[in-house]
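Each chain, letter by letter, is given below.
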Amino acid sequence: MTINTSKVTDRRKLAFNTLDEILDDVDYLCQGKVRSLGNWSPGQNLNHLTILMLGCLDGIDVKVPFLTRTAVSLIKRRILTKQMSPGLQLPKAAAALLPSETTWEQGVQEIRTALNRMKTESQRHAHPVLRELSREQWDQLHCRHCELHLSFLVPEAA
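Residues numbered from 1 in each chain as written. Predicted model: local features only at pLDDT ≥ 70, side-chain atom pairs only at ≥ 80, totals over all residues. Heavy atoms only, no water.

Undergrad: How should the overall build of the protein chain be read in this particular structure?
TA: For the protein chain, the helix and strand inventory stands at six helices and two strands. Going from the N terminus to the C terminus, the protein chain shows its helices and strands as α-β-α-α-α-α-α-β. Over its C-alpha atoms the protein chain spans a radius of gyration of 15 Å, differing by no more than 12% from the 15 Å that the globule rule assigns to 158 residues. When the backbone C-alpha atoms are referred to their principal axes, the protein chain occupies close to 50 × 35 × 25 Å. Across the 158 residues that make up the protein chain, the buried fraction comes to 42%. Nonlocal contacts in the protein chain, meaning residues at least 24 apart in sequence, comprise 84% of its contacts between residues at least 6 apart. Only carbon and sulfur atoms are counted for the fraction: they give 53% of the accessible area of the protein chain, which is about 9200 Å². (Helix = DSSP H or I, 4+ residues; strand = E, 2+ residues; numbered from the N terminus. Rg over C-alpha atoms; globule rule 2.2 N^0.38 Å. Buried < 20%, exposed > 50% of the residue type's maximum accessible area, 1.4 Å probe, protein only. Contact = heavy atoms within 4.5 Å. Areas by Shrake-Rupley, 256 points an atom, 1.4 Å probe, with all protein chains shown as cover.)

Dropping the structure here:
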């Protein structure tokens, strides 16, 4: 059964300002078992976050209509500074951003590697919707994106 993620309660409240804070939260989650409150497994959540991180470093081959890019560019500042709302369904053209089956351990390794690359490599590619972003803007976007997806991951009670 598919969960309407816009209606999920008991999500964690997260606010990241740096890539290191994202890594700290992943490390926190690694202290025990983790469950997902949404439709994706914990590993899939990390895999999805990693896909966008690697996309900013290596490029993302997703085509977005001009009108969509123009409309979204009007709220670019909000996207970079305010928490993202759950429940957004990616269009079929963005299928490359959807996660694959990934174990928690694989997802943790992937996101650690991606975060390390983000901190050490200066090259950034254009975002498929927001277009050119500075390194700082990309980091802000990753913080907002990780706040959303990691909020669905909660430690299981012992």
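Undergrad: What exactly am I supposed to notice about the packing of aromatic side chains here?
TA: A ring pair, where both rings are aromatic, is described by two values, the distance of the centres and the angle of the planes. Taken as a whole and assessed by the stated rule, the structure comprises zero aromatic pairs. The positively charged end of R11 is found above the aromatic ring belonging to F152, 4.8 Å away from the centroid. (Phe/Tyr/Trp six-rings, centres within 6.5 Å; stacked < 30°, edge-to-face > 60°. Lys NZ or Arg CZ within 6 Å of the ring centre and 35° of its normal.)

Undergrad: Honestly, the packing of helix 1 (residues 19–29) against helix 6 (residues 135–150) in this entry has me stumped. Any pointers?
TA: One can describe the packing of helix 1 onto helix 6 by two numbers: an axis separation of 9 Å at closest approach and a directional angle of 20°. Considering the angle they form, helix 1 stands roughly parallel to helix 6. Handedness of the helix 1/helix 6 crossing: left-handed. Contacts from L19, I22, D25, V26 and L29 of helix 1 reach helix 6 at D139, H142, C143, C146 and L150. (Axes fitted to C-alpha atoms, helices over the stretch in contact; angles between N-to-C directions. Parallel < 35°, antiparallel > 145°, perpendicular 65-115°, else oblique. Left-handed = near helix turned anticlockwise from the far one by under 90°.)

Undergrad: Can you walk me through the side chain of N45 in this structure?
TA: With respect to the helices and strands, the residue N45 is situated in helix 2 (residues 42–58). Classification of N45 by relative accessible area gives buried; the value is 3%.

Undergrad: I tried to follow the nonpolar core on my own but got confused; where do I start?
TA: As a rule of thumb, soluble globular proteins bury nonpolar side chains together. With 35 residues, the main nonpolar core has I22, L46 and L150 as its most contacted residues. Looking at this core, the elements that each hand over two or more residues are helix 1, helix 2, helix 4 (76–81), helix 5 (104–120) and helix 6. Residues within four places of I22 in sequence aside, it is in contact with F16, L115, H142, C143, C146 and L150. V8, L37, L148 and F152 belong to the second largest nonpolar core, which has five residues in total. (Core = buried A, V, L, I, M, F, W, Y, C linked by side-chain atoms within 4.5 Å.)

Undergrad: Where do I start with helix 5 in this structure?
TA: The α-helix advances 3.6 residues per turn, and as a result positions three or four apart in sequence lie on the same side. Here helix 5 spans 24 Å end to end across 17 residues, near enough to the 24 Å set by a 1.5 Å rise per residue. W104, G107, V108, I111, A114, L115 and M118 are the residues of helix 5 that are buried. Buried residues of helix 5, viewed axially, fall in a sector of 135°; they line one side. Away from its buried face, by an angle of more than 90 degrees, helix 5 presents the exposed residues E105 and T120. Where helix 5 is buried, its residues touch helix 1, strand 1 (34–36), helix 2, helix 6 and strand 2 (153–155). (Expected span 1.5 Å × (residues − 1). Arc of directions from axis to C-beta.)

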